[in-house]
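# Summary of structural features
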Amino acid sequence: MPPKSETQPPSTGTGTTPSDPSNASIDPILLVLRILPYSFLRPPRLRLKLPTLTLPSPMTVYALVLLTYFMVVSGIVYDVIVEPPSIGSTQDRLTGSIRPVVFLTAQVNGQYIIEGLSSGFMFVLGGIGIVLMDLALDRNRAKSVKVSYATAGISSVVLAYVISMLFIRIKIPGYLY
Amino acid sequence: MVGKSEPLNGTATAKTGQSPSPSPPPATPMSDLLGNFSFKTLKLKTKQQELLIRVSILCLVYVLAFITRLFSVLRYESMIHEFDPYFNYRTTLYLTEKGFYEFWNWFDSESWYPLGRIIGGTLYPGLMVTAAIIYWALRFLSFAVHIREVCVLTAPFFASNTTIVAYFFGKEIWDTGAGLVAAALIAICPGYISRSVAGSYDNEGVAIFALLLTFYLFVKAVNTGSLAWALGSALGYFYMVSAWGGYIFIINLIPLYVLVLLITGRYSMRLYVAYNCTYILGMLLAMQIRFVGFQHVQSGEHMAAMGVFFLMQVFYFLDYVKHLLSDSKMFQAFLRITVTCAVAVGGVALGVGTASGYISPWTGRFYSLLDPTYAKDHIPIIASVSEHQPTAWSSFMFDFHILLFLFPAGLYFCFKRLSDATIFIVMYGLTSMYFAGVMVRLILVATPAVCLISAIAVSATIKNLTQLARAKDKVSQTGSAKGASSTKGSSKGSIDQSQPFQRNGAFALLFGAFYLLSKYATHCTWVTSEAYSSPSIVLAARGAHGNRVIFDDYREAYFWLRQNTPPDAKVMSWWDYGYQITAMGNRTVIVDNNTWNNTHIATVGRAMSSYEDEAYDIMRSLDVDYVLVVFGGVTGYSSDDINKFLWMVRIGGGVFPVIKEPDYLVNGEYRVDKGAAPKMLNCLMYKLSYYRFGEMTTEYGKPPGYDRARGVEIGNKDIKLEYLEEAFTTSNWIVRIYKVKPPNNRW
């Protein structure tokens, strides 16, 4: 551990030159700069201030993280590299018209863009549902708010799970057979 | 459990009978004994109950992790799967037969003919040494096992060990409940099972254990600031470096984590001690592996760790000066000077190192993780491997199921209760999920993080729900830790009627949570059984009557090679099969799965895609005696060489511009029927695959020469071979071996 210095009275440090604070700087670069260009140049008077950077709050970061998670789990890298169509199409055998196909069936590692985004949304919805359930319990809020959080949370989780199961059953024939 | 999280002092012995009467009746010794026996109650104290429950859960999880990976051993036999494990098996065999020094200095002339391969210097020895140590230990205890059994069961054994490490890690981050849930989740998670089934004797089986161990020891070191834990972390890192090339992830994640801690103002002496010890010792130990060598000081991928190391020294120096100085203005000036100097020196050093070439840039393999489009445009070999494709949502769902919902919830809980440990697990989770999105294979690395974070969500939610369920009993004790019961206490007067409603609701939600977890278990077992337990070297299909038909053609062909060819014969095939041919066929190959020499592979690709006479010249120049091709037209097997043929053309054309991909396509479409390109119909690969196939009827009602894998009738049925002759075709036509004829006698 670095040695602790004794506390000195603060008056000795700042009491020496109250009139000219710039002379008290020990910055050598400032010293050189004061001699070289600024002995004959005069800097203009500006009122600039460096912007102070503050760290964002944890919940802001969490919101950004959730957005990133949504994009990654929707398969955005797959979309950028493989460039699948946003929705597939098949030709109806009898009428000859083009019908859209949402899910790329029978391939575990393949997707269309829309199905990726909707599945990713379902996952995030499930996660938010659990978060809402926790929010319903832990705070000293009004009872109606807690009840609505709890209802929204439970219904989100149930909905997300059921729809995700439906999606995967459509996509992979023979799932859980 | 609820509210009673006192630290356990691990007393497992105190099962003493708590007899209420202190003095037993003064009778004969026999009845005295019986009296004592009847008073001996089995009532355990709550601490002991909890310990018993925890230990039994961990034992069950340990056994579960092992047995869920045994599907393929039970269905087929105890054999090594896939391609890469055969190389690992061959090297382990060599290690156990010849000893460590021979293994370390081994130059193998049986692969990459005529170049050879320095095996001792180009592999990660951790897996082989681990299996050899287990083998020698079992032999020492007089269990006469064969090395193959040890190799097959190494991965499940280490998966079980990973669950124990996950328990301790979860306990470190959150509490014991989360640790238990994490162990249970990771035991059956399909993302991990896919690379650690019995038979998959590959680096990742051991490496994930080493990864989690290193991370756990490092977080423990940061939490305690103890040098011993930091040393343990360095040793864990050494094990990871010896096991897998994915150690780059550790050596970049830990500095990134330290940087985040510094930015969020969590610099402390504990962090200083932990990071310095881990980095220096870990780096020195890592240089003992020949394959890694001096990369820790020379390669661009390792520079982040060094930069953060120097940054830590600057932080310590500034802290030291701050203690010495009493004037805050002076310190501010000093801070400005030091930071400017440090950044300038660091930048200049990095610039000089990179410009002079001492620090090598990021290799293509890892650069393509940061810029996923790079491999597609520049490195076709990396882009051709199916495991390197980016991940679609269904792969995530398959490998994670419920954990995809629990992961964001767990992140929320971590953000609510930020500490050094939770910041680490959040960073590990986020970075690994991003990489898992870039490459399917890296879902494996993300699995421990996802399981741990999901365990936090499960543990916290169930804790909330059980507190709700028990709230009626605990109304008097409002001093409980969570805020839930305090809200209960505050609104206790007005909602007495809703108490049972909330209690029933909590029970219903608990039941729902258990239902979801049981669906997770069902899903994991189904996925393991159906998708991840196939040996790939033995194929299975359902026959016409639903019975199982097994195709063992690969091993049939390799054993034919082993028994019917001269020992110095050289076999040319596509690089996928190189390891298996050397391990099982015991013959020299031209290229194998190591793919370290792109030009050599391109030469083979050029030979396969040229006309027969040009290919004959190339084969004579490489001393090839036999050519092996894989053909799926009779069985409908779709991973055969004709389907991989375009990659041969692309890789060959990348080095030899005489091979042009459009020559083999018709209107951009790849066809093998009558309308195919003439170059396609006459190239060596086509001829070798379809030789004599034109006379064969494969499916009822289809013309002879109907290719079941492509679903078309082939174009060129009458194939004559001039420079090769057919040596062997397996019973289902999957593997076909041809002999290269010697040149004609000249007069």
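Residues numbered from 1 in each chain as written. Chains lettered and ligands numbered in written order. Predicted model: local features only at pLDDT ≥ 70, side-chain atom pairs only at ≥ 80, totals over all residues. Heavy atoms only, no water.

- Chain B is annotated in an unreviewed UniProt entry as dolichyl-diphosphooligosaccharide--protein glycotransferase of Pyrus ussuriensis x Pyrus communis.
- Turning to chain B, the UniProt annotation filed under Pathway (unreviewed entry) states: "Protein modification; protein glycosylation."
- Per UniProt, chain B carries the Subunit (unreviewed entry) text "Component of the oligosaccharyltransferase (OST) complex." (UniProt positions renumbered as here; feature names shortened; annotations may be inferred.)

- If you look chain A up in an unreviewed UniProt entry, it shows as Oligosaccharyltransferase complex subunit ostc-like from Pyrus ussuriensis x Pyrus communis.
- Database annotation for chain A, UniProt heading Subcellular location (unreviewed entry): "Membrane".
- Per its UniProt entry, chain A bears the Sequence similarities (unreviewed entry) comment "Belongs to the OSTC family."

### Considerations on the domain arrangement of chain B
- Examined at the domain level, chain B breaks down into domain 1 (206-360) and domain 2 (550-740).
- Domain 1 of chain B and domain 2 of chain B are separated by 50 Å when their C-alpha centres are compared. (Domains from an automatic or database assignment.)

### Considerations on empty space enclosed by the protein
- Under the definition given, this model contains two cavities of 30 Å³ or more.
- Considering only enclosed or pocket space, the largest cavity measures out at about 70 Å³ in volume.
- Contributing to the lining of the largest cavity are Y237(B), I250(B), I251(B), I254(B), P255(B), Y275(B), T278(B) and Y279(B).
- For the lining of the largest cavity, the secondary structure elements donating two or more residues are helix 12 (247-263) and helix 13 (269-286) of chain B.
- A per-element tally of the lining of the largest cavity places helix 12 of chain B first, with four residues.
- Tallied by class, residues from the lining of the largest cavity come to seven nonpolar, one polar and no charged.
- Counted as a void, the second largest cavity has a volume near 50 Å³.
- Considering the residues around the second largest cavity, the lining is formed by I130(A), M133(A), D134(A), L137(A), F413(B), T461(B), N464(B) and L465(B).
- If you list the elements that add at least two residues to the lining of the second largest cavity, you get helix 5 (113-138) of chain A together with helix 23 (443-469) of chain B. (1 Å grid on protein atoms, 1.4 Å probe; cavity = no way out; pocket = protein on both sides within 12 Å on 5 of 7 lines; lining within 4 Å. Points joined across faces, edges and corners; volume = space filled by probe spheres on them. Helix = DSSP H or I, 4+ residues; strand = E, 2+ residues; numbered from the N terminus. Nonpolar A, V, L, I, M, F, W, Y, C, P; charged D, E, K, R; others polar.)

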